[in-house]
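Understanding the architecture of this molecule
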Amino acid sequence: MAGGTVTRLPKDPGPAGWNEILPKAPPPEPLEEQRTADWLVIGAGFAGLAAARRLNRNRPGESVVVLEASRIGQGPAGRNSGFMIDLPHDLSSANYGGAAERDRKQIAANRTAIAFAAEAAADYGLPDEAFRPAGKVNAAASERGLAHNQDFAGHLEGLGEAYELLDAQAMQDLTGSRYYQGGLYTAGSALIQPALFVRGVAGGLASNRVKLHETSPVLALTRQEGLWQAETPQGLVRAPKVILAVNGHAESFGYFRRRLIHVFTYASMTRALRAEEVKALGGQPGWGLTPADPLGTTLRRITSPQGERIVVRNRFTYDPGLEISEKRLAASVKDHDAAFAARFPALAGIEMEYRWGGRLCLSRNDAPAFGMVEEGLYAACCQNGLGTARGTFAGVAAADLACGVSSSFTQHMVEAPEPTAKPPEPITLLGASARIAWGQFRAGREL
């Protein structure tokens, strides 16, 4: 194939609240020249930045160019809920769990990725707000949710993993809300401020050997005379080896076509809470809740220099075109207000300051889009809803594979199956949309 024209460019709906609450970033430095490098990384999210960091370690004397279509922190990496999860987290299951042996391998991979991220945060002097090993809680708001947690607890026991079940009072003490009937706490996840993390890692990587260019979307990627050539609106990069770290947009580059499932999820962030509102809420600062039902509502209570805020995320839509309208965004995020009001009546009337959507890439068999797809071109894509941990792991694995380094990263990824083909449209559209709608209906109070 040897590449070709890129058919679509990223379009991300709404301002990413995580990025908006940070100090304004310096002006971007788009690629405005023709240059040759030893390595090219396309995409500056979790996978792309992990790949660049690993390449810098594996080949310290070689040059790396990273191209990002928008601004670092404005794309999908800055739009997730900020969990780096170590335990099984299969969004298509009833309780996140899967086959035991497969889950053990995924747990080991996730923990390796979290350790890699922790090392980066320490090396670059990132604050606790950016990366904090704090664990998380699966929150249950109904008998059905409690049953999901009990099932997951049994699965964790079978895996030899520790957990703590929380009762309704413990959940109120944590969150300030009486909405939840119970919870399941696990200690291994990290809570991150995703935009702060990727911006901090990008800043730490930048050097004479690692050049990052924002607002530099790749319009065409072709291979000529043994070198890959990436064209941007104002420049061009040639490199013998390329790591493609664009998640679902791998299809836009011509790879893994009809094998990737493109889903949007939606979030809202409150304005900063006033001191009297924090007092009325009660509870503790700095926690994260994932729903006992995978299609329920995720919550974060965050603390930043600007004050405390609450982030609400729910609703999924299948969007094979990799973009949504503002109308679709508005229709989805209205449910955030209802979820927030039900959980926090003491904060009635507090407005949401930011609302946004973010892209997920899934495959039917929960497999990554990974490996050498052409001579010198390596993919680290399709994170199956866990872009922080799986993206980090895939980026490191792609860098090791491209460098010929055998590691636990490469061993795990090369054993993974390829994404299976999906039915043609509109069959997939109808099936995926119906499955999401039914799952969200069944979530009940967990939504």
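Report on the accompanying structure. (Residues numbered from 1 in each chain as written. Predicted model: local features only at pLDDT ≥ 70, side-chain atom pairs only at ≥ 80, totals over all residues. Heavy atoms only, no water.)

In contact at an axis separation of 12 Å, helix H2 (residues 46–58) and helix H3 (residues 100–123) are set at 75° when each is read in the N-to-C sense. In this view, H2 runs roughly perpendicular relative to H3, as classed from their interaxial angle. Here H2 contributes Ala50, Arg53, Arg54 and Arg57 to the contact with H3, which in turn contributes Phe116, Glu119, Ala120 and Asp123. Broken down by class, the residue content of the contact of H2 with H3 amounts to 3 nonpolar, no polar and 5 charged. (Axes fitted to C-alpha atoms, helices over the stretch in contact; angles between N-to-C directions. Helix = DSSP H or I, 4+ residues; strand = E, 2+ residues; numbered from the N terminus. Parallel < 35°, antiparallel > 145°, perpendicular 65-115°, else oblique. Contact = heavy atoms within 4.5 Å. Nonpolar A, V, L, I, M, F, W, Y, C, P; charged D, E, K, R; others polar.)

This part takes up the packing of aromatic side chains. Enumeration over the complete set of coordinates arrives at 7 aromatic pairs. Note on phenylalanine 46 and phenylalanine 197: the rings are 5.9 Å apart at their centroids and 20° apart in plane angle, and the pair reads as stacked. Of this pair, phenylalanine 46 sits in helix H2 while phenylalanine 197 sits in helix H6 (residues 194–205), placing them 151 residues apart in sequence. Both residues of the pair, phenylalanine 46 and phenylalanine 197, count as buried. Here phenylalanine 340 and phenylalanine 344 contribute two aromatic rings whose centre-to-centre distance is 5.3 Å and whose plane-to-plane angle is 50°, an arrangement assigned as tilted. Lying across the ring of phenylalanine 116, arginine 53 places its NZ or CZ 5.5 Å from the centre. (Phe/Tyr/Trp six-rings, centres within 6.5 Å; stacked < 30°, edge-to-face > 60°. Buried < 20%, exposed > 50% of the residue type's maximum accessible area, 1.4 Å probe, protein only. Lys NZ or Arg CZ within 6 Å of the ring centre and 35° of its normal.)

As a further point, take the pattern of salt bridges. Enumeration according to the criterion identifies 24 salt bridges in this entry. Arginine 53 is the salt-bridge partner of aspartate 123, the closest N and O atoms lying 2.7 Å from each other. Remark: arginine 53 occurs in helix H2 and aspartate 123 occurs in helix H3; sequence separation between them is 70 residues. Given the relative accessible area of 44%, aspartate 123 is considered partly exposed. On the basis of relative accessibility, which here comes to 4%, the residue arginine 53 falls in the buried class. (Salt bridge = Lys/Arg side-chain N within 4 Å of Asp/Glu carboxyl O.)

The strands making up a sheet are joined through hydrogen bonds of the backbone, oriented either antiparallel or parallel. An order of E1-E12-E13-E14-E2 is seen for the 5 strands of this open sheet, with the pairing classed as mixed. The two strands at the open ends of the sheet, each matched to only one other strand, are strand E1 (3–5) and strand E2 (34–36). Within this sheet the neighbouring strands show an average axis-to-axis angle of 25°, counted without direction. Judged from the 3 bridges that link them, E1 and strand E12 (residues 220–224) form a sheet pairing that is antiparallel. Residue pairing in the sheet places threonine 5 in a bridge with alanine 220 of E12. (Pairing = 2+ DSSP bridges.)

With that settled, the discussion passes to unusual backbone geometry. A cis amide bond links glutamate 425 to the next residue, proline 426, at an omega of 5°. In this fold, proline 426 is placed in the loop between helix H10 (408–414) and helix H11 (427–443). Here asparagine 247, not a glycine, exhibits a phi torsion of approximately 50°, which is positive. Relative to the helices and strands, asparagine 247 resides in the loop between strand E15 (241–244) and strand E16 (261–270).

Function cannot be inferred from these measures alone, as they are strictly geometric.
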